[in-house]
Amino acid sequence: MALTIPGFDHLRLPGADGVELAAAVGGSGSPVVLLHGFPQTHLMWRHVAERLADEHTVICPDLRGYGASDKPAQTGPEVYAKRTMAADVVALAAALGHECFALVGHDRGALVAFRAGLDHPGTVSHLGILDVVPTLDMWNVLHGVSAAVGYHLYLMAQPPGLPETMIANSADAFFGSFLDAWANDPAAVPPEVRTEYLRASAAAVTSIVADYRASAGIDVRHDQADLDAGSQLAMPVTVVQQDWGAQLGYDAAGIWRAWAPDLDHRLTRAGHFMAEEAPDEITAAVRALLTR
């Protein structure tokens, strides 16, 4: 049985296009939706969710293609487009009776949250982003040997077949390498949680690759169209990230400011898995966002 957040209800709720999402839901008050990253499930939010549930209804879904959520076949690029995954989140929240909600995403979930903020500005009241830049900008800042940090982006961008086979044949080593390399505090992901992440990821290789492949194609086109149209995020935005700009040679705050006029940009000393490594810091950032 999949691990979930203690004390939360575990539900199956409708997303877009007939897809069902698994979600942990707890607390009461104004709604906050938390979207997980790679290679994780909604369980990554366990510490932050429990803290926020004192004041909010907290909704933590597994993204389509991950965890216990449906994993539709990639019959076209739109199936795992962040636009479609954002529509999942809006539909899920509506099924719980929430037509407007705050949204916070980490890693892959942050890219979904970014797209939801652009596509559904009347629905997303506040937007929190953990440790990414938008998809279009992500590709633009990876240059030369520094791009090696994102080798998995290039691997999973390849046509169907080879990436799935390579990853499936060494799933625990592949997914585990990110849990090892990206954590400043490995103890923040205890053995039972690590085992759950590896189990869930190994069972979702095809859909995880499809999610990443979309970010090398249709997601870039959607971001470029918004950039060309001058679209910006209308809601208050908080971004918390490692100092990737200094490491890779770009202005992270400047990139985000171009998309988000009402921006609070913060750097953290925590590793990539900051919601697990520094839950008090991330909870405080979310609470500050919700007061803006």
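Note: the structure precedes this text.
Report on the accompanying structure. The shown structure was predicted, so the numbers you read here are calculated from the model rather than taken from an experiment. (Residues numbered from 1 in each chain as written. Predicted model: local features only at pLDDT ≥ 70, side-chain atom pairs only at ≥ 80, totals over all residues. Heavy atoms only, no water.)

1. What about the pattern of salt bridges?
Opposite charge on two side chains permits them to pair, given that their charged atoms come into close proximity. A complete count under the given rule lists 18 salt bridges for this structure. Linking Glu196 and Arg199 is a salt bridge whose minimum nitrogen-to-oxygen distance equals 2.9 Å. Highlighted residues: Glu196 and Arg199, both in helix α8 (residues 191-202), separated by three residues, approximately one helical turn. Under the relative-accessibility criterion, Glu196 is labelled buried at 6%. With relative accessibility at 42%, the residue Arg199 sits in the partly exposed group. (Salt bridge = Lys/Arg side-chain N within 4 Å of Asp/Glu carboxyl O. Helix = DSSP H or I, 4+ residues; strand = E, 2+ residues; numbered from the N terminus. Buried < 20%, exposed > 50% of the residue type's maximum accessible area, 1.4 Å probe, protein only.)

2. Points about helix α14 (residues 279-290)
In this model, α14 (twelve residues) spans 16 Å end to end at C-alpha, consistent with the 16 Å of a helix rising 1.5 Å per residue. When we look at burial in α14, the residues that qualify are Pro279, Ile282, Thr283, Ala285, Val286 and Leu289. Each buried residue of α14 lies within a common arc of 160° when the element is viewed along its axis, so the set occupies one face. The inward-facing, buried residues of α14 contact α1 (46-52), β5 (101-106), β6 (124-130), β7 (237-241), β8 (263-267) and α13 (274-277). (Expected span 1.5 Å × (residues − 1). Arc of directions from axis to C-beta. Contact = heavy atoms within 4.5 Å.)

3. Some thoughts on unusual backbone geometry
Going from Phe38 to Pro39, the amide bond is cis rather than trans, its omega being -5°. Within the secondary structure layout, Pro39 lies in the loop between β3 (30-35) and α1. The residue Asp107 is not glycine, and still its phi comes out positive at about 55°. With respect to the helices and strands, the residue Asp107 is situated in the loop between β5 and α3 (108-119). Within the chain, Asp131 stands out as a residue other than glycine whose phi angle is a positive 65°. Along the chain, the position of Asp131 falls in the loop between β6 and α4 (135-141).

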